Amino acid sequence: YRKRIVDGCELSLRRKPMPLSLLIILLAGALCGLLAAEIFSLVRDNRRITLRCEVNMNLTEPDEVVTLTYVVQNTSRFPMPFVSFCFHFPEQLQVQENEAWKEAHSVGGAFANMYSFDACLPPHRGLRGKLRFTLKERGLYELGKVYIETGDFLGFHSKVRSFFLPQRIVCTARALPEKPALAPLGGFLGDISVRRFILEE
């Protein structure tokens, strides 16, 4: 209750409690909305989540840093409360990020070259990021595989799909030293030069 002073007299006004029927209606409406959101999230297709990747160069050298740019986008009209995407890179690809970044995104265990990211995507919104990597030996390399996981509204179920990244990158051979040490074609015997070939006079 609350007190109110009217014409010098103190009056006590007691608030009326919320009717029990109205409280039950509000709770029932909230539960129905929660159940509808859960059912809709279960039947929703996670193909509405798209991922695009680009590299800043298609031809690189050993130990040269390449930047991979990725864009994850929700193309549906409804929000995605939980989206997780994971890169599975080949063994020859070495990620060149700091240790804090690797600890935050690396997936341990047998899949040591996997890096995962989690996000909540509103409708028609996306997430952009970058990571750097190098290659050790020459060859033609694919960027690997991507796993995309989406969860339901309450977090009880999830859907996973995977696909290979279409981008390829060529790593050239390691360059030779600028001044290679070459063996001489001939030597000296006393004060007379030893010639490689016999020439006619």
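Please refer to the structure placed before this passage.
Keep in mind that what you see is a predicted model, and the values were worked out from it rather than measured. (Residues numbered from 1 in each chain as written. Predicted model: local features only at pLDDT ≥ 70, side-chain atom pairs only at ≥ 80, totals over all residues. Heavy atoms only, no water.)

Colleague: I'd like to hear about the packing of aromatic side chains, residue by residue, with values.
Modeller: Taken as a whole, this structure holds ten aromatic pairs when the rule is applied. Ring plane angle 45° and centroid distance 6.3 Å describe the contact between Phe-89 and Tyr-115, whose orientation is recorded as tilted. Of the two residues, Phe-89 sits in the loop between β6 (80–88) and β7 (93–95) while Tyr-115 sits in strand β9 (residues 114–121), which places them 26 residues apart along the sequence. An aromatic cluster of three or more residues is present, and its members are Tyr-70, Phe-85, Phe-87, Phe-89, Trp-101, Tyr-115 and Phe-117. (Phe/Tyr/Trp six-rings, centres within 6.5 Å; stacked < 30°, edge-to-face > 60°. Helix = DSSP H or I, 4+ residues; strand = E, 2+ residues; numbered from the N terminus.)

Colleague: Would you mind going over the sheet that holds strand β13 (residues 158–164) in detail, with residue names and values included?
Modeller: In spatial order, the strands read β8-β9-β6-β12-β13; together these five strands make up an open sheet with antiparallel pairing. The open sheet has two free edges, formed respectively by β8 (106–107) and β13, since each of these has just one partner strand. By the bridge criterion, two bridges tie β8 to β9 in an arrangement that is antiparallel. When the bridges of β9 are listed, Val-107 appears paired with Met-114. (Pairing = 2+ DSSP bridges.)

Colleague: If you had to explain the sheet that holds strand β11 (residues 139–142) to someone new, which residues and values would you point to?
Modeller: If you walk across this open sheet you meet the three strands as β4-β14-β11, and the pairing is mixed. Whereas interior strands pair on both sides, the edge strands pair on one side only; in this sheet they are β4 (59–60) and β11. Across two bridges, the pairing between β4 and strand β14 (residues 168–171) is parallel. Within β14, the position partnered with Leu-59 by the bridge is Val-170.

Colleague: Describe the side chain of Thr-134, with residues and values.
Modeller: Inspection of the secondary structure assignment puts Thr-134 in strand β10 (residues 126–135). A polar contact of 3.1 Å, which involves the side chain of Thr-134, links it to the side chain of Gln-96. When sequence neighbours within four positions are dropped, the list of residues in contact with Thr-134 reads Asp-63, Glu-64, Val-65, Gln-92, Leu-93, Gln-94 and Gln-96. (Polar contact = N/O pair within 3.5 Å; in protein donor to acceptor, adjacent residues only side chain to side chain. Contact = heavy atoms within 4.5 Å.)

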